[in-house]
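# Residue-level structural notes
Residues per chain, in single letters:
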Amino acid sequence: MTQGANHLCSHCSLPIGIRSMERTLNGEECVFCCYGCCIAYQVKIGRSEEWDAAWLLIRFGVGAFLTMNIMLISLLLYGGTFGGADAWLLPWIHVLLWAFATPALVILGEPYVRETWIQARQGRITASALVVLGVGAAYAYSVFATIEGSEQVYFDTATMVLMLFTLGSYIEAAGRAKAARDLEPLLAAESECATVTDGGAETKRPVRDIATGMVVKLKPGERVPVDGVVVEGESHADEAVITGESRQIAKGVGSPVIAGSMNLDGPLLIQCTGAGSATRWAQICRSVREALSRRSPIQRLADRVVGISVPVVLILGALTVAYWAQTMPFDRALLIGLAVLVVACPCAVGLASPLATSLGIGRLARSGCLLRDAGTLEALARARLIAFDKTGTLTSGRPRIVGIESDGAGVEEILARAAALERHSEHGLARAVTVAAAKRGIAPMDAGKVRAVPGRGIQGEIDGALVAAGNGALMRDLGFTLVPDLAARAQAMEESGYSVIYLGWAGRVHGVMSLDDTLHAEARATVEALRQLGLHVVLLTGDLAPAARRMAAMAGIEEVQAGLTPEAKQEALTQYRAKHEIVAMVGDGLNDGPVLAKADVGIAVGSATDLARETAALVLPKDGLWILPWAIAVARKGWSTTLTNLMWAFGYNLIALVLAMAGLLQPVLAAAVMASSSLILVVNSLRLSQIPDPALLESDRQAAAEPGSLRHGVAVPRVASAAVERG
Amino acid sequence: VGNWSGKLPVSYYLVILAAGFAGSFHCIGMCGGFACALGRDRRGRAVTAERHLLYNTGRLTSYCFMGVLAGALGEAVSSAHGLGNPLLNTPLDTAQRLLAVVAGLLMILMGLQFFGLLQSFHRIGNIGFGGTTLAATFRNLLSSESRAAPIAFGVFNGFLPCPLVYAFVAQAASTAAPLSGFLVMLAFGLGTFPAMLMMGGLGQVLTPVWRQRGVWLAGGFILVLGLITLGRGVLPLDSHMTHALATGAH
């Protein structure tokens, strides 16, 4: 595969089909997916000094002028204005029409002829060949008829079909670009310019040339081009593209800003903390570009249909003319043949799928969800089972205290003493102790001579007496006694998959703290939302069964398989696939890469590198589990839009083709209907860009606003309380 | 056949012409700006005159095209009900009456808008794909020195959303024949010629007060025409009386 840039249309940013148009405009190499985009692009970039664009408009204007005059006269002719006494005028009017039609045909038909010629030299027949052939035949017949002096000429049909085709493709391309305008910033990220200030001087530089330490000036409404720290100014930022969550975050001096987020309401000076091309934003943009340029299976199918349809239509057109010529004058039969050629132009079929999938991919990317390719959108939409990996996915990986068993001491004293030691430690379990103490407002006592005992725990002196916190081995080493009751409870906890910290002083163990991994605040709501989407949710984990079941119960997952090796997880997925066809797997992307790769849709949370490594097909923002139901809903909408688009495109083409072959559709009408069918696809797909931003559930929002209350803290020293708290 | 032109008297088209003239004071707002921009050519008066004539010819062609289409559409609607007879010749059938009512109401709405009423109705001009984008890009054409540029510009200009044009297209449709539709728009378009040519030559000579009066005059014309058209649809008049009403405005 060559560079991704060449696979996307210069105008509408959609993947170009198998037959692209290449043009050099104002010295720039451009690729377009269709003629309409070629026109619309030139109109859009047109500046007065750029001759190409103005020339294009002049050509269309004059073409339209001639065509309208032809149509005007022809309509009056059909109305019988020149009948009766004025009939002697008729041949002269035909000559006049001929005089108008010839330049109109040259002006409007030239791009079609050129396209046909370019493709024909490569041995291909395209849709433009249908137009050229049909219009050419109508014109040639009319010239012949004018010279012969016969009653009917079809200059109006020839020019009007061309005009409508041109106009229709322009309007459709303009609409498509409007639909896809949200994709633009995603595709232009690295070529965008940022204003670098150096003392007093300001220079515009491409983002990829910005290096660490440079100071970048940012106006309100601009996108933050690089990761950095605010050195001057105050503003709000919307970081939806990174976090998935669309809300205003206050920024002041010293606040970090992330590339890709929007600076909303104040000017900022930011100091760059990393190279412009190394940001997550740049990575997002690269992956979107990559995803867009990969064709999905359904797109390949559509392209194949388009490929064979042109010759088929040509044959059908010829057969139609031959059939009708037996029963009616040749000119009428020719006209019916022209209608067949015009109406069967397969533009809509080729457009249906890329339009919907690109908009879907773009919509997801704007909320920080990255898809590997268009095929993933389909798989995600059709997935019926979602398997979760436990550690780091449903849980935060940060343990917290869920229970304190004591013997001869109060819970507060235990926490105060434990925190006195543990605040000197960097260990993850130690942090849980200090957080728990702080949460309950317990001040740690003063401890001296604190030292860590590797692999055992930590010990020190409080009021001159030895205090130790750690595992059972540390207690035995120090000769602390443990009453059988407490020992039994501690053992039960350990067997249930909890981590346990013993705390002892004055020769005996006074307390046992049990710690558990923390369920993500949004895990339960996410699982519930997924279930409401009709998905079967299971938990596959390598953890001990009791711990896994406890987490599953808290998250509301009913089906659990615990103690699985990575191979066993893959095996389990294979079994599920037999029953549910398409299975998705959510992991943290670090430990379970091969398992994610094995699923139909591997979903990684927060690790975009997996996209590059191709282990995950969908990457959610960091801590972005809550966004998954929304992402699936978007994927489903994208998929259903693709299907309705395709059904419409195929259905319309078939019905119109039959009508045209039956002689019920006039060529001019056929051209108008043809143009409008593509427009309907655009309108249908536009709904995708109007999907609202994902919203946190209200309860989750509160949880997120008070860090520690659910994610890191401890509420009540009872195991069961954890579940209550979740409810 | 071949007798339609005779059915609507010349005076009818004169009324339209006058309405177009009055209405063109409204045009000065938008299209006048274009005409000014087309401005004077440094290659001399003759070239300037030619450019403005070409521009207005382009505009006129677009109007006439719309008129003939509207007339043909009106005819198609009427004859779909079995009566293809020309307007005002025989008792009007239901479809033609309906057409007259719709056209009349549209014109009345447009007319009221000229008096600053029904502001929200103004949005009707902004439906569709990028009318403003078009207007912006068409400015490119103005600076081109090509002879064809003004004509192309005029053609596009004719299609820019404009309530005045819509009102007369509705009128053209209500005549229910391609030729009369064409003539309605021709008369209207020619009516706008003086003001637009003047704009090219004189620039902003008219004071805002006079422009405002012109706009009210245009609104009045359209309102009256709308009422007459509506009347044709709802009043149980015979053809002669309708005839008299349609021509009685002068």
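Residues numbered from 1 in each chain as written. Chains lettered and ligands numbered in written order. Predicted model: local features only at pLDDT ≥ 70, side-chain atom pairs only at ≥ 80, totals over all residues. Heavy atoms only, no water.

## So, the overall build of chain B
Selection criterion: Numbering of helices and strands runs from the N terminus, with a helix taken as a DSSP run of H or I at least four residues long and a strand as a DSSP run of E at least two residues long. Exposure is judged per residue with a 1.4 Å probe applied to protein chains only, and the accessible area is read against the type maximum: over 50% gives exposed, under 20% gives buried, and values in between give partly exposed. What makes two residues a contact is simply this: any of their non-hydrogen atoms within 4.5 Å. With residues, only the protein chains shown are counted as cover, and all accessible areas are computed by Shrake-Rupley using a 1.4 Å probe.
When its secondary structure is counted, chain B shows nine helices and zero strands. In chain B, the succession of α and β elements from N to C terminus is α-α-α-α-α-α-α-α-α. Within chain B, the fraction of its 250 residues that count as buried is 52%. Long-range contacts, defined as pairs at least 24 residues apart, comprise 81% of the intrachain contacts of chain B with a sequence gap of at least 6. A total of about 10900 Å² of accessible surface is found on chain B, and carbon and sulfur atoms cover 69% of it.

## As for the overall build of chain A
When you go through chain A residue by residue, the secondary structure sums to 26 helices and 24 strands. Sorting the 727 residues of chain A into buried and exposed places 55% on the buried side. Sequence-distant contacts in chain A: of pairs separated by 6 or more residues, those separated by 24 or more amount to 69%. Taken as a whole, chain A presents about 30000 Å² of accessible surface, with 58% of it coming from carbon and sulfur.

## Things to note about the confidence of the model for chain B
Detailed reading of the predicted coordinates is not advisable wherever pLDDT is low. Residue and element names in this part refer to chain B. Rules: As a per-residue measure, pLDDT tells how confident the predictor is, with possible values from 0 to 100.
Put simply, chain B has an average pLDDT of 71, and 61% of its residues get 70 or more. Least confident of the elements in chain B is helix 9 (residues 239-247), whose mean pLDDT is 49; most confident is helix 2 (residues 45-79), at 85. Confidence drops under pLDDT 50 across residues 82-91; counting only partners more than four residues distant or on other chains, this segment forms 21 contacts. Here the predicted complex scores 0.72 on pTM and 0.78 on ipTM.

## Quick look at the pattern of salt bridges
All names here are of chain A. The test is simple: We define a salt bridge as a side-chain nitrogen of Lys or Arg found within 4 Å of a carboxyl oxygen belonging to Asp or Glu.
Following the criterion strictly, the structure yields 15 salt bridges over all chains and no others. Between E413 and R417 there is a salt bridge whose closest N-O contact spans 3.0 Å. Within this pair, E413 and its partner R417 are both found in helix 14 (residues 411-422), separated by four residues, close to a single helical turn. Close ionic contact of K449 with E461 constitutes a salt bridge, the shortest N to O distance being 3.8 Å. Of this pair, K449 sits in strand 15 (residues 448-453) while E461 is found in strand 16 (residues 457-462), placing the two residues twelve residues apart along the sequence. The class of K449 is exposed, set by a relative accessible area of 66%. Exposure remark for E461: the relative accessible area of 27% places this residue in the partly exposed category. Several salt bridges converge on common partners, so that one network encompasses R59, E110 and R114.

## Considering the nonpolar core
Nonpolar side chains in soluble globular proteins tend to end up buried together. As a reminder, the rule being used: Side-chain atoms within 4.5 Å link the members of a nonpolar core, which is a set of buried Ala, Val, Leu, Ile, Met, Phe, Trp, Tyr and Cys residues.
By size, the foremost hydrophobic cluster in this structure holds 179 residues, and its most contacted members are F388, L394 and L628 of chain A. Beyond its immediate sequence surroundings of up to four residues, L628 of chain A is in contact with I386, F388, L530, V586, I603, L618 and L620 of chain A. In terms of nonpolar packing, the next biggest core, distinct from the first, is built from 29 residues, A22, L164, A167 and A172 of chain B among them.

## A look at the sheet that holds strand 10 (residues 262-263) of chain A
Residues and elements named next belong to chain A. Filter applied, for reference: Following DSSP output, two strands are said to pair if at least two bridges run between them.
Read across the sheet, three strands follow the order 8-7-10 without closing on themselves; strand pairing throughout is antiparallel. The open sheet has two free edges, formed respectively by strand 8 (248-251) and strand 10, since each of these has just one partner strand. With four bridges connecting them, strand 7 (residues 235-238) and strand 8 associate as antiparallel partners. By the bridge assignment, A237 is partnered in strand 8 with I249.

## Section: helix 14 of chain A
Residue and element names in this part refer to chain A. Going by this rule: Helix span is expected to be 1.5 Å times the residue number reduced by one.
Taking 1.5 Å of rise per residue, twelve residues should cover 16 Å, and helix 14 covers 16 Å from first to last C-alpha, within 8% of that figure. When you tally the buried positions in helix 14, you get nine out of twelve residues, the bulk of the element. Taken together, the buried positions of helix 14 are occupied by I414, L415, A416, R417, A418, A419, A420, L421 and E422.

## With respect to unusual backbone geometry
All names here are of chain A. Backbone geometry places K449, a non-glycine residue, at a positive phi of 50°. Here the phi dihedral of A506 falls at roughly 50°; this positive angle occurs in a residue that is not glycine. Summarising the element assignment, A506 is placed in the loop between strand 18 (499-505) and strand 19 (508-519).

## Details of the environment of F114 of chain B
All names here are of chain B. In this structure, F114 sits in helix 3 (residues 94-114). Given a relative accessible area of 6%, F114 falls into the buried group. C-alpha of F114 to C-alpha of Q212: the two residues are 98 residues apart in sequence and 9.5 Å apart in space.

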